[in-house]
Amino acid sequence: MLFNVARFELRYQLRNPVFWVSLFLFFLLGFGVTASENVSIGTPGTVHENAPFAIAAMTGAASIFYLFVITSFVANAIVRDDTTGFGPIVKATAIGKRNYVSGRFLGGLAVALLGYLAVPFGMLCGSMMPWVDPETVGPQNPVYYLWPYLVIAIPNILLSSSLLFGLATITRSMLWSYIGVVILVMGYLIVSTIFGSQIEYRQLMAQYEPFGFGAISEATRYWTAADMNSTLLPLEGVLLFNRIFVIALAAILLALTYWRFSMAERAPSKRRLKKLALMQNGDASEPTPQAVVSSAFSQRFDSSTTRAQFMIRLKTEIMQVCAVPG
């Protein structure tokens, strides 16, 4: 049952246009870093565009912007049933709390991890473009792209997904989930700016900074350009500690989310009750139709039908993002 729920969520998200749009945008992001001379990620001029250090730095940096995409995957997975009104129906089945929560999270996490592969793949394609100066590109090695994805991207996405999944579970609102992402990113940038440049906090930032920039900086502090061009990030010392900390924090957040989630329906708020009362009064005041007029219907699949379907889908997506739980 658990894997059936996860497989359903995976199929649903793969049919979502948001996945393919974000895949294309982050492919362009990775592509532009290596294919354009005007885009830099802060590496020294003698470091190759496809150097292990440059790929690791870009893999970590893009994971911050990927937070907004992750929200549409993992937060949508837990909010969607309540927004569409299918929540009570699904929860009334024999699916169970463990299968429902774990399956939805695993499906959203799988989509998020799959979509982020566009970043290293985009960097690989960009570095092979014919207009790129050969002097700025080193030997192509698939391990240079896979290792940062395993060490940097996967723990970062796991932590981000756990946090946003928990936030959506508590608020039951996509709107508040996106607000939470904005607050998280702004808070992270402010804290990193204040403490990241101070020597006395260097070790602390390297150990506990969630996206791994401090750990990468500390692990490669004394590297030469030759080391950056040929050496993979060593999964030891402060970097290993940081990655274990991030995974452990993600596990704690998931445990709290599971404990907080309830299969029982929430009692409606006073505002919701008032709205329902007004709707019932309005229905009671309407005259009962004396007869039902039947007419023949025919299926149409022309341009007007396509526009109507698009507008309905657009309205549904906007209402899902802006919906505030009652």
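Residues numbered from 1 in each chain as written. Predicted model: local features only at pLDDT ≥ 70, side-chain atom pairs only at ≥ 80, totals over all residues. Heavy atoms only, no water.

## Topic: the nonpolar core
In this structure, Tyr66, Ile70, Phe73, Ile78, Tyr116 and Ile157 are the most contacted members of the largest nonpolar core, which totals 48 residues. Broken down by element, this core gets its largest block of residues, ten residues, from helix α8 (residues 142-171). Those residues in contact with Ile78, other than ones at most four positions away along the chain, are Tyr100, Phe165, Ala168, Thr169 and Phe261. Ile152, Ala215, Trp223 and Leu233 belong to the second-largest nonpolar core, a separate cluster that totals 13 residues. (Core = buried A, V, L, I, M, F, W, Y, C linked by side-chain atoms within 4.5 Å. Buried < 20%, exposed > 50% of the residue type's maximum accessible area, 1.4 Å probe, protein only. Helix = DSSP H or I, 4+ residues; strand = E, 2+ residues; numbered from the N terminus. Contact = heavy atoms within 4.5 Å.)

## Things to note about the pattern of salt bridges
On inspection of all chains with the given rule, the structure shows two salt bridges. In this structure, Arg221 engages Glu218 in a salt bridge whose closest nitrogen and oxygen atoms are separated by 3.0 Å. Using a relative accessible area of 24% as the deciding quantity, one classes Glu218 as partly exposed. (Salt bridge = Lys/Arg side-chain N within 4 Å of Asp/Glu carboxyl O.)

## Here we look at the packing of aromatic side chains
Tallied over the entire structure, the rule returns twelve aromatic pairs. Ring centres of Tyr188 and Phe211 lie 4.9 Å apart, and the angle between their planes is 75°; on these two criteria the pair is classed as edge-to-face. Residue Tyr188 is found in helix α9 (residues 174-195), and its partner Phe211 is found in the loop between α10 (202-208) and α11 (213-219); the two are separated by 23 residues along the sequence. For Tyr188, a relative accessible area of 12% gives the class buried. Look at Phe211 and you get buried, because its relative accessible area is 7%. Judged by centre distance (5.6 Å) and plane angle (85°), the rings of Tyr208 and Phe241 are edge-to-face. Pair noted here: Tyr208 is in helix α10 and Phe241 is in helix α13 (residues 237-260), with a separation of 33 residues, a long-range link. Relative accessible area serves as the criterion here: at 37%, Phe241 is assigned to the partly exposed category. (Phe/Tyr/Trp six-rings, centres within 6.5 Å; stacked < 30°, edge-to-face > 60°.)

## Looking at a nonpolar patch on the surface
On the surface, a nonpolar cluster with roughly 1000 Å² of combined accessible area is contributed by Phe68, Val182, Met186, Leu189, Ile190, Val191, Ile194, Phe195, Tyr201, Leu204, Tyr208 and Phe241. Every element with two or more residues in the nonpolar patch is listed here: α9 and α10. No other element matches the seven residues that α9 contributes to the nonpolar patch. (Patch = residues over 30% accessible without salt bridge, like charges linked within 9 Å, V, L, I, M, F, W, Y side chains within 5 Å. Areas by Shrake-Rupley, 256 points an atom, 1.4 Å probe, with all protein chains shown as cover.)

## So, the packing of helix α2 (residues 17-35) against helix α3 (residues 52-65)
Two elements in contact, α2 and α3, have axes separated by 12 Å at closest approach and are oriented at 145°. Crossing of α2 over α3 shows right-handed handedness. Of α3, the residues touching α2 (which contributes Phe26, Leu29, Gly30 and Val33) are Met58, Ala62 and Phe65. Across the contact of α2 with α3, the residue classes break down as six nonpolar, one polar and no charged. (Axes fitted to C-alpha atoms, helices over the stretch in contact; angles between N-to-C directions. Left-handed = near helix turned anticlockwise from the far one by under 90°. Nonpolar A, V, L, I, M, F, W, Y, C, P; charged D, E, K, R; others polar.)

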